[in-house]
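Residues per chain, in single letters:
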Amino acid sequence: MVNLTINGRIVQAKEGEMLLTVLRREKIDVPALCHHEAVEPFGACRLCTVEITKEDWNGYSNYVTSCLYPVEEGLIVSTHSPKVNELRKTILDLFLARHPNSPEIRQLAADYGVFKTSYETVVDGNNCILCAICTRICDTMGFHAISTVGRGHGKEVAPPLHQVPPDCVGCLACALNCPTHYIEYTFDNNYLTIWDKKFELMVCSRCGKKTITKEFAEYLSKHRDIPFSYFEICDECHRKELAATMGQITSWEREA
Amino acid sequence: MHLDNPQQLIDWHDKIIAKQKKIKKKILVCCGPGCLANGAQDIIDKFKTVLKEKKISGFTVEALKETGCHGFCEQGPLVVMEPKGLYYTKVKVKDVEDIIEQSIKNDKIIDRLLYNDPQTDKKIERYQDIKFYSHQKKVVLNNLGNINQCNIEDYIANDGYQALSKVITSMSPQKVIDTITKSGLRGRGGAGFPTGRKWATCRKVESDTHYVICNGDEGDPGAFMDRALMEGDPFSVLEGMTIAAFAVGAKQGYIYVREEYPLAVVNLQKAIEIANEKGLLGDNILGTDFSFNIKISRGAGAFVCGESSALMKSVAGEVGEPRAKYVRSVVKGLYDRPTVLNNVETFANVPIIIRKGASWYQKIGTPKNSGTKAFSLVGKVRNTGLIEVAMGTTLREIIYDIGGGIIDDRPFKAVQTGGPSGGCLPASKLDLPVDFDSLNEAGSMMGSGGMIVMDDLTCMVDVAKYFLGFLVNESCGKCVPCREGLYQLHALTVKVSEGKAEEADLEKMEKLSEMVIIGSLCGLGKSGPNPLLSTIKYFRDEYMAHIRDKRCPAGVCRALITYKITDACTGCMACIAPCPTNAITGKKNEMHVIDQELCTKCGACFAVCRYDAILVS
Amino acid sequence: MNYRFIVRPNLCTGCRTCELACSFTHSIDNIRGITRIYPLDGGFKDLWVPVTCLQCEDPACIKSCLVDALRLNPETGAIELNQDICVHCMACVAACPFGCSIFDKQHDIIVKCDLCGGDPACAHFCPTKALEWKPIEVKKKKVAI
Ligand SMILES: Cc1cc2nc3c(=O)[nH]c(=O)nc-3n(C[C@H](O)[C@H](O)[C@H](O)COP(=O)(O)O)c2cc1C
Ligand code: SF4
Ligand code: SF4
Ligand code: FES
């Protein structure tokens, strides 16, 4: 256990824990757009930046991203110092210039008092904030279907060579976790399309409810040692089946 | 021959010396990047054929050396004749026979090939007497220009591998680190971190393995010191790395070479093979139980890959994106193991320090900045090329003595150091001693050693715009302050250069710069605004001229200038054809006019006019 | 002391108190969560079966989760889903052979029975003791040498 001071309050934390985890636990509101617990911290959005210092730093302080900073004994943290707030405002201002149409960005910026960008609006700026949550989740799940490509201001998220991604199984994790809901997908009858790839959906053999994609089911069955038949009926019909089986057993018990 | 103990190295050294003593005269042909580009290879080939044909007594092909960069690239191809130091510049293939006939056979000097000092307009025979050389202090670059590239015998004859032998036979790892610490060596890759301290930290981390990496990414535009070293003196880099490995306990090393340096890769690879063969690298070095292997890793061609954490990711085969360094790479670097990363030049310093001792080294330079630093001096100076000076040498000495002053005696305006992370220093800083601390204090940086001299025809807004534009593309694009912040800073400088900015924009730029500096993840973003901030700091007037008067004093920013033909025009018609938009009209022997509507301000007419009749305003 | 969740279908009257208890207990911001327990028709007269997670020993849900969001809580024996890690890919919902990983439309999350962290509300409120949370003696298994 280590002791640190956050906004004047003494807080305990586990060794090796990241500062942001502690801030969240203590219900201190620090914005974070590139953070997702399923993947390693990344440090791209810089919104979670806080000011840190220590008793013996002689008044010197440093700015660090709390998502990546391991807690230390004696750390003195301010999460909303004037400089930190100014930095967050600047970042949100820059975001607004690039993603003027993103409701999520606009909301967050408004929370920090930024309603209109003070910079030049980037022509054809889309809503992808390049947090790489999608690609990192995809990598962590083991698919590596999409990645960030290019560098500098022209960086983007895309499948390899901008082609239909061969390794995508259509799990939708990228799209569902995108903080700005940038990744598009469509359901059409028994099909799902994402990254221009069309997937057939599993259909419950009893009630006809659609579940995950066939490719995802096949992947899980093959790599995770789960009988494929499990995927052939939906959760509700699974429960009904269990009720019927247990009902049968109970009725035998009653007779006995 | 494989060397199985240190004694064999000594014996070999003596044998080489005895052999080389017999060679009285040497012809050194510079095969550095500059001279090669100007045809040095053809000269070498010619020398070889002529020497074979002519059979000169006491003179064989062995006396011909294909050396690394001699430094004075703009005078190349260079041919130097030892022992006298006779120095021929701009040599052509057709001069080769003459050189052999007159200078080799008959010790005669060929006047037309001598260097002409532009300041005194006198011919100089020996290179030691040329100001470009006489004000330099060659320590690290000493072998360059003197020995055959990739020739281990030459390297050993020049005391090569004595340091490694000393380390292995008589020093403990701790003692090596202490020596380096005492020498005061600071990393030559830019930040100037004390090398001894870095090694000591790395050594202390317990791990199954440690790594040593040499940073040969050299991404600063215009810089080529590391390239010259890797190509011209690869063994010194290998020896330095091997000593570092001994000190920190590493068994594996990597040299990360920038993609654009194929010759460096070839020469390093050759050197690694030779060193392995000789038992100076690989398993059981010099018969001891110390083993160290080096692999070459080829860069991904991105500036940001020179940044330590991005470089390590790239070596490991991942995308070269920096990561936060709250846990430093000396503790958790390549493959999460403790890793020492140093610049090429840093490593090349190491054998010299070990051989000559820390106190000897300390005496060069200034107390907190010992040793020398190599620079590539480019821009509007008379003498451009690769130079090495003692730390603490003033900018004035470098620019006016070594560099020979500004071309056409124009006024000096600024010098840019440190590449895209550095800044521009004005004339008032000419007496600044060049070292890590003074440059930082003045708002620039040492960087890896690029030095660009600018005259009054350079617009500082344009310079800032250029570097920011470079960084907008070269930023890895991971973090927002750098990716979006530098983009907006660039957009604002464009606005200034187009005369569309307001005074408030200047303050906006300064504020945004500060946020980019504190907010960015890696050194690229953290130093990216330097070129802008330093030019605003020292050349505020020039910014104001763009903003308030809509005027570019240097006549560079296209939107703010007009080309006009004055009565000096002789009506020679030379400018009519080059104009891409046919904006110039005029009859022979009559004054021409430029149609301002059509003029795109490309400057093509200005460049061809022999009568200075075109006025930029 | 070890606890076990015990289900006795022959005592279940289908009153669905457990559903309510579960749903209320798992409210988020005062909005009720979806129930993790379902008293379903057992297929025979007056026979109800409360269907809920069996906390399997070789759980398909854990195997299906590619981001390690599902983990066994050794103290309660429950397989718990960490909402912060979950990426909503629905793998576990599709994989559970008993349909006990459930999508909660209301909150847009995936849920499953967590035994209320060691004090299941459903068992508390079941009027007929069809559901019970009971301490049991665990006999140490003899290990064959
Ligand atoms: C954007 C960026 C680019 C860099 N490029 C180089 C480079 O090209 N060569 C180099 O040696 N160091 C470069 N560095 C510095 C390295 O990160 C590192 O500090 C250095 O290689 C350490 O070696 P040293 O201690 O010997 O200087 C760069 C740093 C940054 C932030
Ligand atoms: S698509 Fe969404 S999740 Fe992916 S990098 Fe862009 S903003 Fe982040
Ligand atoms: S500062 Fe620039 S180069 Fe460095 S991590 Fe951020 S975006 Fe990449
Ligand atoms: S959450 Fe820490 S930098 Fe984005």
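Quick notes on the rules
- Residues numbered from 1 in each chain as written.
- Chains lettered and ligands numbered in written order.
- Predicted model: local features only at pLDDT ≥ 70, side-chain atom pairs only at ≥ 80, totals over all residues.
- Heavy atoms only, no water.
- Helix = DSSP H or I, 4+ residues; strand = E, 2+ residues; numbered from the N terminus.
- Rg over C-alpha atoms; globule rule 2.2 N^0.38 Å.
- Buried < 20%, exposed > 50% of the residue type's maximum accessible area, 1.4 Å probe, protein only.
- Contact = heavy atoms within 4.5 Å.
- Areas by Shrake-Rupley, 256 points an atom, 1.4 Å probe, with all protein chains shown as cover.
- Lys, Arg positive; Asp, Glu negative; His and termini not counted.
- Charge placed at Lys NZ, Arg CZ, Asp CG, Glu CD.
- Near = heavy atom within 4 Å.
- Polar contact = N/O pair within 3.5 Å; in protein donor to acceptor, adjacent residues only side chain to side chain.
- Nonpolar A, V, L, I, M, F, W, Y, C, P; charged D, E, K, R; others polar.
- Domains from an automatic or database assignment.
- Salt bridge = Lys/Arg side-chain N within 4 Å of Asp/Glu carboxyl O.
- Phe/Tyr/Trp six-rings, centres within 6.5 Å; stacked < 30°, edge-to-face > 60°.
- Lys NZ or Arg CZ within 6 Å of the ring centre and 35° of its normal.
- Patch = residues over 30% accessible without salt bridge, like charges linked within 9 Å, V, L, I, M, F, W, Y side chains within 5 Å.

**Remarks on the overall build of chain B**
Thought 1: Along the backbone of chain B there are 24 helices and 21 strands.
Thought 2: Computed over C-alpha atoms, the radius of gyration of chain B comes to 26 Å, within 12% of the 25 Å expected from 2.2 N^0.38 for 617 residues, which places it in the range of a compact globule.
Thought 3: For chain B, the spread of C-alpha atoms along the three principal axes comes to 80 × 65 × 40 Å.
Thought 4: Counting the 617 residues in chain B, one finds 59% classified as buried.
Thought 5: In chain B, of all internal contacts separated by at least 6 residues, the share reaching a separation of at least 24 is 70%.
Thought 6: For chain B, the exposed area adds up to about 23900 Å²; of that, 50% sits on carbon and sulfur atoms.
Thought 7: With 78 positive and 73 negative side-chain charges, chain B shows a spacing of 2 Å between the two charge centroids.

**Describing the site of ligand 1**
Residues and elements named next belong to chain B.
Thought 1: Gly189, Lys198, Asn342, Asn343 and Thr346 are the nearest of the 19 residues found near ligand 1.
Thought 2: A distance of 2.6 Å is found between an oxygen atom of ligand 1 and a backbone nitrogen or oxygen belonging to Gly189.
Thought 3: Within the backbone of Ser308, an N or O atom sits 3.1 Å from an oxygen atom of ligand 1.
Thought 4: If ligand 1 stood free it would expose 610 Å²; the protein chains cover 89% of that surface.
Thought 5: Counting residues per element, the ones that place at least two in the shell around ligand 1 are β10 (339-343) and α21 (523-527).
Thought 6: Examining the composition of the shell around ligand 1, we find that 3 residues originate from one element, β10, more than from any other.

**A short note on the side chain of Lys601(B)**
All names here are of chain B.
Thought 1: For Lys601, the position within the fold is in the loop between β20 (593-594) and α24 (604-608).
Thought 2: A polar side-chain atom of Lys601 sits 3.3 Å from the main-chain carbonyl oxygen of Ile561.
Thought 3: Look past the residues within four positions of Lys601 in its chain and what remains in contact with it is Arg558, Ala559, Ile561 and Tyr563.

**A look at the arrangement of the chains**
Thought 1: Sorting the 2 pairs of chains in contact by contact count puts chains A and C at the top.
Thought 2: The least C-alpha distance between chain B and chain C, which are not in contact, is 21 Å.

**Quick notes on the site of ligand 2**
Thought 1: Residues in close proximity to ligand 2 total 13 residues, the closest being Cys128(A), Cys131(A), Ala132(A), Cys134(A) and Cys178(A).
Thought 2: Across the shell around ligand 2, the residue classes break down as 12 nonpolar, 1 polar and no charged.

**Here's the deal with the domain arrangement of chain A**
Residue and element names in this part refer to chain A.
Thought 1: In terms of domains, chain A is made up of domain 1 (2-80), domain 2 (83-125) and domain 3 (133-240).
Thought 2: Across the boundary between the two partners, domain 1 contributes 14 residues, which contact 11 residues of domain 2.
Thought 3: Across the contact surface, domain 1 and domain 2 share 0 salt bridges.
Thought 4: Scanning the region where domain 1 abuts domain 2 turns up 5 residue pairs in polar contact (both at pLDDT 80 or more).
Thought 5: Per-element tally for the side of domain 1 that touches domain 2: the top contributor is strand β3 (residues 49-53), with 3 residues.
Thought 6: For the side of domain 1 that touches domain 2, a count of residues per class yields 8 nonpolar, 4 polar and 2 charged.

**Some points on the packing of aromatic side chains**
Thought 1: Scanning all chains against the criterion turns up 24 aromatic pairs over all chains.
Thought 2: When the ring of Phe246(B) is compared with that of Phe290(B), the centres are 5.3 Å apart and the planes differ by 85 degrees; the resulting orientation is edge-to-face. Highlighted residues: Phe246(B) in helix α11 (residues 234-248) and Phe290(B) in the loop between α12 (262-278) and β9 (293-298), separated in sequence by 44 residues.
Thought 3: With a relative accessible area of 12%, Phe290(B) lands in the buried category.
Thought 4: Linked through ring pairs, Phe72(B), Tyr87(B), Tyr115(B), Tyr127(B), Phe132(B) and Tyr133(B) together constitute an aromatic cluster.
Thought 5: Residue placement shows Arg239(A) over the ring face of Tyr38(C); its charged tip is 4.1 Å from the ring centre.
Thought 6: The residue whose ring lies beneath Lys373(B) is Phe375(B), and the NZ or CZ to ring-centre distance is 5.7 Å.

**Quick look at the environment of Val378(B)**
All names here are of chain B.
Thought 1: On the secondary structure map, Val378 appears in strand β13 (residues 372-379).
Thought 2: Overall, Val378 belongs to the partly exposed group, its relative accessible area being 22%.
Thought 3: Counting along the chain gives 25 residues from Val378 to Gly403, while the straight-line C-alpha distance between them is 8.8 Å.

**Quick word on the pattern of salt bridges**
Thought 1: A full pass over the atoms with the stated rule returns 45 salt bridges over all chains.
Thought 2: Where Arg8(C) meets Glu132(C), a salt bridge forms, and the shortest distance between an N and an O atom there is 2.9 Å. Within this pair, whereas Arg8(C) is found in the loop between β1 (2-7) and α1 (17-25), its partner Glu132(C) is found in strand β8 (residues 131-136), the two being separated by 124 residues in sequence.
Thought 3: The salt bridge involving Lys45(C) is made with Asp46(C); its shortest N-O contact spans 3.6 Å.
Thought 4: Of the residues examined, Asp46(C) reaches a relative accessible area of 55% and is grouped as exposed.
Thought 5: Via salt bridges that share partners, Lys46(B), Lys54(B), Glu97(B), Glu101(B) and Lys105(B) belong to a single interconnected network.

**Quick look at a nonpolar patch on the surface**
Thought 1: Taken together, the side chains of Leu176(A), Tyr185(A) and Phe187(A) make up a nonpolar region of the molecular surface, amounting to roughly 270 Å² of accessible area.
Thought 2: Mapped onto the fold, Leu176(A) is located in helix α5 (residues 173-177).

**Concerning the domain arrangement of chain B**
Thought 1: Along its sequence, chain B is organised into domain 1 (23-129), domain 2 (152-362), domain 3 (366-458), domain 4 (461-547) and domain 5 (562-617).
Thought 2: Computed from C-alpha coordinates alone, the two centres of domain 3 of chain B and domain 5 of chain B are separated by 36 Å.

**A look at the side chain of Asn342(B)**
Residues and elements named next belong to chain B.
Thought 1: For Asn342, the position within the fold is in strand β10.
Thought 2: A residue is classified by how much of its surface remains accessible, and Asn342, at 3% relative accessible area, is buried.
Thought 3: Of the polar contacts made by the side chain of Asn342, one reaches the side chain of Trp199; its length is 3.0 Å.
Thought 4: Sequence-distant contacts of Asn342, defined by excluding residues within four places in its chain, comprise Thr195, Lys198, Trp199, Ile213, Cys214, Asn215 and Phe347.

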